[in-house]
Amino acid sequence: MEFKLEAHRIVSISLGKIYNSRVQRGGIKLHKNLLVSLVLRSARQVYLSDPCPGLYLAGPAGSPAVPPPPPSPQQQQQQQPGEPAAGPPAGWGEPPPPPPAARAAWPEPEPQPQPQPERPAAPVTGAGDAPRGGEVEAAEAAWRRVEGAREAAEGGAAGPAGGSDGFPEGPRGARRQCGCPPGAEDRPGAPGACPRLACCAPRPAEDEPPAPPAVGPRKRGAAGVGGGPAGGPASGSSPLKKPRRNSEEQPGGAAAAAAEEEEMETGNVANLISIFGSSFSGLLRKSPGGGREEAEGEESGPEAAEPGQICCDKPVLRDINPWSTAIVAF
Amino acid sequence: MAGAGGGGCPAGGNDLQWCFSQVKGAVDEDVAEADIISTVEFNYSGDLLATGDKGGRVVIFQREQENKSRPHSRGEYNVYSTFQSHEPEFDYLKSLEIEEKINKIRWLPQQNAAHFLLSTNDKTIKLWKISERDKRAEGYNLKDEDGRLRDPFRITALRVPILKPMDLMVEASPRRIFANAHTYHINSISVNSDHETYLSADDLRINLWHLEITDRSFNIVDIKPVNMEELTEVITAAEFHPHQCNVFVYSSSKGTIRLCDMRSSALCDRHAKFFEEPEDPSSRSFFSEIISSISDVKFSHSGRYMMTRDYLSVKVWDLNMESRPVETHQVHEYLRSKLCSLYENDCIFDKFECCWSGSDSAIMTGSYNNFFRMFDRTTRRDVTLEASRENSKPRASLKPRKVCTGGKRKKDEISVDSLDFNKKILHTAWHPAENIIAVAATNNLYIFQDKVN
């Protein structure tokens, strides 16, 4: 469990670094930010490998009509009043951890990005709803306990950039089945897979429970990007891409209304985590069709770069919104 | 005693008795950021020592000639020239400030009376000529001694100007400016053994330049992925082989080194050799990737070995063996348990450099608390020394320091928690022939010599 706490802390710190790097003199340092994003990813994976089944929200909003798995509605009651029935946090793109029975269909997503398996995860989820049994309920119970704590702490916890309440719905939503792939080289810290039971045990309210339940991202996710499909195909043009990339599309838009700082709600931070954590690309958000733009941007070099752009002459998002800009500023 | 460890003289870090020689720089506790030294480099003969700082300035020290009348000043380095190499710039198109910090200085081999060096900041490399002027022409016909033009009609006689000695003046003038070739931050430059070309490396690309040509360069390595989202590693350092002008290496943030041969193709994206040590899975942590990132790579003078520095260790590689290094030296293993704190305070991103002794028998690198470490490859002994004003009595021997890693702290030991992580020695240089070392401690430059020296 300490691993999770440490992971949480590390994620917060990493986000802070990424955020601060934008204002450092000399431009953004690619090397340092790459390293930070790797740490972020590791920490996130540890955090997400919480062996509490059911502590997720269903797949990417892009997955059409995935019925929210049974736990979701209950979770929703707890956390997101007014949450759209879609349940799954739009930004998250992390398909819910399949129940144990379906685990076989979930080949080791952690160690290497394997987009393929993740895509079917959504349908798997649906399929997997049934097998879920008592353990799920136990997990849900644990979940609710923690939720309660979180909501209590919600307050004004709209975190500072990379603030401690960096762990909102997002990671929870995206959390996978514990010990998911038992062989999973769950990289950092966690030696081997945590025993599921241990993890399902009451998760101590994290020292800095993420503040608002991620109503934000989900709502926005659903609303902001025009739903998954828009984001999905964009990055999904290459079917091998991780669905998580979808999440990059969505949160970008999802975060439309959020101001960068004060209102960096945990939901956005969660999106940020998913963006950054999934790959370094998360730091270099591209607009849909970004591959082409990338090439163009590259050729035209500085001329194409828009103000405030990074030194990597990455074409900036055309659909400027503060949050996206913040992310894209990488 | 001749140079480094030849003949019967003991060579290497530990058999030598290092003594304080000089310290350059302000004594103030309050360090101006611009004064922080960012690079140190001896020239090929060791007579000149150049430092670059965050303010974009280059200061060159010259070694005093032996002088019987002032025996104590033999071998002392004194300021020879100071000039502003780079200024802060602003890239308007990207709304980016370009720091003036000098990232690297590399000397060119001397070919005439003047000295040439390359200095680079994040984006622009400059070739500087440092020349002496110790004579002045006097007796011009068309102008007065103070330079005023004479009225030609008043000139009734002609004279031949004569050269008269004057106080030595050292001039630095920029001879070439190599700009606009790097999209990312330049981290290395390296002069080729052909003395005509040099390479410059940024995070994703390496360019080959001709010293005479500034308006174009050849891109020889490009690791930028088509889709930046797939970026997983960056180039962290690059160097030409000391003798083979077609060979260079570059290190990556993943802890790998690639050796490339420019004869094989114009774009050396495919390496000729790939050096990587398999990771020890038992030591995996959140920060494994960061600490495996290589911060410096240096060929040995012989050209047979190369040395890499990652966060916790220095490794010596035999160019003929790619599977693992032939030597691994722990610099400050006691920091392994502190990686999280070091991550928080950004120290884990510090880029330490390393250097070989002239004979390749010893290697040196920096650490925290103004400590630096020397490893003698022959005797397999290592020593930790400190660069501090307290130990700065002339010719005072340096006492080995020890960090206590736990348990009872012995007298004279310093505990890990007492280390000052703001005092870091990132840049060190070893004289190419003698046992003289230059150690940059924030804004001060320490010069130590072997006692026998």
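The numbering scheme is per chain: residues are counted from 1 as the chain's sequence reads. Written order decides the labels, with chains lettered from A and ligands numbered from 1. Note on the predicted model: pLDDT of at least 70 is required for a residue's local features to be given, and 80 or more for side-chain atom pairs to be given and counted; whole-chain, interface and lining totals, by contrast, use all residues. The side-chain figures draw on all heavy atoms in the structure; neither hydrogens nor water molecules are used.

The name given to chain B in an unreviewed UniProt entry is Serine/threonine-protein phosphatase 2A 55 kDa regulatory subunit B, with the source organism recorded as Vulpes vulpes. UniProt positions are given in the numbering used here, feature names are shortened, and annotations may be inferred rather than shown by experiment. Per UniProt, chain B has the following entry under Sequence similarities (unreviewed entry): "Belongs to the phosphatase 2A regulatory subunit B family."

Per an unreviewed UniProt entry, chain A carries the name Immediate early response gene 5 protein and comes from Vulpes vulpes. In its Sequence similarities (unreviewed entry) section, the UniProt record describing chain A reads: "Belongs to the IER family."

Caption draft 1: A look at the overall build of chain A. If you tally the helices and strands in chain A, you get 13 helices and 0 strands. The N-to-C order of helical and strand elements in chain A reads α-α-α-α-α-α-α-α-α-α-α-α-α. Looking at chain A as a whole, 63% of its 330 residues qualify as buried. Computed with a 1.4 Å probe, the accessible areas rest on the Shrake-Rupley method; for each residue, only the protein chains presented here act as cover. Total accessible area computed for chain A in this model is approximately 10100 Å², and 61% of it derives from carbon and sulfur atoms. Counting from the N terminus, the helices are the DSSP runs of H or I reaching at least four residues and the strands are the DSSP runs of E reaching at least two. Note on exposure labels: buried denotes an accessible area under 20% of the residue type's maximum, exposed denotes more than 50%, and partly exposed covers the range between, all computed with a 1.4 Å probe on protein chains only.

Caption draft 2: Focus on the overall build of chain B. Within chain B, the secondary structure is distributed over 2 helices and 32 strands. Buried residues in chain B amount to 54% of all 453 residues. A separation of at least 24 residues holds for 55% of the contacts in chain B among residues at least 6 apart in sequence. Contacts: residue pairs with any heavy atoms within 4.5 Å of one another.

Caption draft 3: Up close: the sheet that holds strand E3 (residues 48-53) of chain B. All names here are of chain B. Strands sit in the order E2-E3-E4-E5 across an open sheet of 4 strands; the sheet is antiparallel. Two strands close off the open sheet at either side, each with one partner strand: strand E2 (37-42) and strand E5 (77-84). Across this sheet, the average inter-strand angle for adjacent strands is 20°, counted without regard to direction. The pairing criterion for strands is at least two bridges between them, as found by DSSP. With 5 bridges connecting them, E2 and E3 associate as antiparallel partners. Bridge pairing in E3 links Ile-37 to Asp-53. Each axis is a line fitted through C-alpha atoms, taken for helices only over the stretch in contact, and angles between the N-to-C directions span 0 to 180 degrees.

Caption draft 4: Summary view of the pairing of strand E23 (residues 327-330) of chain B. All names here are of chain B. Side chains Glu-327 and His-329 project from E23 onto a buried face, and the interleaved Thr-328 and Gln-330 project onto a face without burial. Bridge analysis of strand E22 (residues 313-318) against E23 gives 4 bridges, and the strand direction is antiparallel. Looking at the pairing, Val-314 lines up with His-329 of E23.

Caption draft 5: Representation of the pattern of salt bridges within the structure. The term salt bridge refers to a pairing of a side-chain nitrogen on Lys or Arg with a carboxyl oxygen on Asp or Glu at a separation within 4 Å. As enumerated under the stated definition, the model contains 37 salt bridges over all chains in all. The partner of Lys164(B) in a salt bridge is Glu138(B), and the shortest N-O contact between them spans 3.0 Å. With Lys164(B) in strand E11 (residues 162-178) and Glu138(B) in strand E10 (residues 125-138), the pair connects residues that are 26 residues apart, well separated along the chain. As a salt-bridge pair, Arg216(B) and Asp215(B) come within 3.5 Å of each other at their nearest N and O atoms. Of the two residues examined, Arg216(B) and Asp215(B), each falls in the exposed class. A single salt-bridge network, built from bridges that share partners, covers Arg25(A), Lys29(A), Glu97(B), Glu99(B) and Glu100(B).

Caption draft 6: Expanded view of helix H1 (residues 2-21) of chain A. Here a helix's expected span is defined as the number of its residues, less one, multiplied by 1.5 Å. Look at H1(A): 28 Å from first C-alpha to last across 20 residues, which is about the 28 Å you get at 1.5 Å a residue. Most of H1(A) sits inside the fold, with 14 of its 20 residues counted as buried.

Caption draft 7: Quick look at the sheet that holds strand E25 (residues 362-366) of chain B. Residues and elements named next belong to chain B. In spatial order, the strands read E24-E25-E26-E27; together these 4 strands make up an open sheet with antiparallel pairing. Across the chains shown, the open sheet's two edge strands, defined by having one partner strand only, are strand E24 (354-356) and strand E27 (382-386). Strand-to-strand, the axes of this sheet are offset by a mean angle of 20°, without reference to chain direction.

Caption draft 8: Just the confidence of the model for chain B, in detail. Residues and elements named next belong to chain B. The predictor reports its confidence for every residue as pLDDT, a score running from 0 up to 100. Across chain B, the average pLDDT comes to 91, with 94% of residues at or above 70. Below pLDDT 50 for its whole length, residues 1-13 participates in 27 contacts with residues either more than four positions away or in separate chains. In the model output, the complex is listed with pTM 0.66 alongside ipTM 0.89.

Caption draft 9: Looking closely at the packing of aromatic side chains. All names here are of chain B. The aromatic pairing rule takes the rings of Phe, Tyr and Trp, using the six-membered ring of Trp, and pairs them if the centres are within 6.5 Å, calling planes under 30 degrees apart stacked, those over 60 edge-to-face and the rest tilted. Counted by the stated rule, this structure contains 20 aromatic pairs over all chains. Residues Phe-275 and Trp-317 carry aromatic rings whose centres are separated by 5.9 Å and whose planes lie at 80° to one another, so their mutual orientation is edge-to-face. Of this pair, Phe-275 sits in strand E19 (residues 273-275) while Trp-317 sits in strand E22, and the two are 42 residues apart along the sequence. On the accessibility criterion, Phe-275 (0% relative accessible area) is buried. On the basis of relative accessible area, Trp-317 is assigned to the buried category, the value being 1%.

Caption draft 10: Molecular detail of the pairing of strand E9 (residues 115-120) of chain B. Residues and elements named next belong to chain B. Of all 6 residues in E9, 5 are buried, a share of seventy percent or more. Two elements, strand E8 (residues 104-107) and E9, share 4 bridges in a ladder whose sense is antiparallel. Across the sheet, Lys-104 pairs through a bridge with Thr-120, a residue of E9. Here 6 bridges tie E9 to E10, and the two strands are oriented antiparallel to one another. When the bridges of E10 are listed, Leu-117 appears paired with Trp-128. The hairpin formed by E9 and E10 contains 4 residues between the paired strands.

Caption draft 11: Region of the structure containing the nonpolar core. Counting residues in each nonpolar core, the largest one holds 46 residues, and the members touching the most others are Phe287(B), Tyr311(B), Leu335(B), Tyr343(B) and Ile348(B). Elements supplying a minimum of two residues to this core: H1 and helix H2 (30-48) of chain A together with helix H1 (288-292) and helix H2 (339-344) of chain B. With 11 residues, the top contributor of residues to this core is H2(A). Residues in contact with Tyr311(B), not counting those within four places in the same chain, are Ile291(B), Ser293(B), His332(B), Leu335(B), Leu339(B), Leu342(B), Cys347(B), Ile348(B), Asp350(B), Phe352(B) and Tyr368(B). We call a set of buried Ala, Val, Leu, Ile, Met, Phe, Trp, Tyr and Cys residues a nonpolar core when their side-chain atoms join them within 4.5 Å. Counting residues in hydrophobic clusters, the runner-up holds 19 residues, among them Phe20(B), Phe372(B), Val383(B) and Ile425(B).

Caption draft 12: Up close: the environment of Ile105(B). Residues and elements named next belong to chain B. Tracing the backbone through its elements, the reader meets Ile-105 in strand E8. Among the residues examined, Ile-105 registers a relative accessible area of 0% and is labelled buried. In this view, Ile-105 contacts Thr-39, Glu-41, Ala-50, Thr-51, Gly-52, Val-58, Leu-117, Leu-118 and Ser-119; residues no more than four positions away in its chain are not counted.

Caption draft 13: Spatial organisation of H2(A). The end-to-end C-alpha distance of H2(A), which contains 19 residues, comes to 26 Å, matching closely the 27 Å that a straight helix rising 1.5 Å per residue would cover. When you tally the buried positions in H2(A), you get 19 out of 19 residues, the bulk of the element.

Caption draft 14: Representation of the packing of H1(A) against H2(A). Residue and element names in this part refer to chain A. Interhelical geometry of H1 versus H2 gives an angle of 150° and a closest axis separation of 8 Å. One way to sum up the angle between H1 and H2 is to call them roughly antiparallel. Every pair of crossing elements has a handedness; the one defined by H1 and H2 is left-handed. Residues Phe-3, Lys-4, Ala-7, His-8, Ile-10, Val-11, Ser-14, Leu-15, Lys-17, Ile-18 and Ser-21 of H1 touch H2, and the partners they reach there are Asn-33, Val-36, Val-39, Leu-40, Ala-43, Arg-44, Val-46 and Tyr-47. Of the residues assigned to the contact of H1 with H2, the class counts are 12 nonpolar, 4 polar and 3 charged. Should an angle lie under 35 degrees it is considered roughly parallel, over 145 roughly antiparallel, and from 65 to 115 roughly perpendicular; all remaining angles are considered oblique. When the near helix sits turned anticlockwise from the far one by under a right angle, the crossing is termed left-handed; a clockwise turn instead gives a right-handed crossing. Three categories are distinguished: nonpolar for Ala, Val, Leu, Ile, Met, Phe, Trp, Tyr, Cys and Pro, charged for Asp, Glu, Lys and Arg, and polar for the others, with Gly belonging to the last.

Caption draft 15: Representation of the environment of Asp420(B). All names here are of chain B. Looking at the element boundaries, Asp-420 is found in the loop between strand E29 (413-415) and strand E30 (427-430). Overall, the relative accessible area of 26% leaves Asp-420 in the partly exposed class. Put simply, Asp-420 and Asn-369 are 51 residues apart on the chain and 4.6 Å apart in space, counted from C-alpha to C-alpha. Those residues in contact with Asp-420 that lie beyond four places of it in its chain are Tyr-368 and Asn-369.

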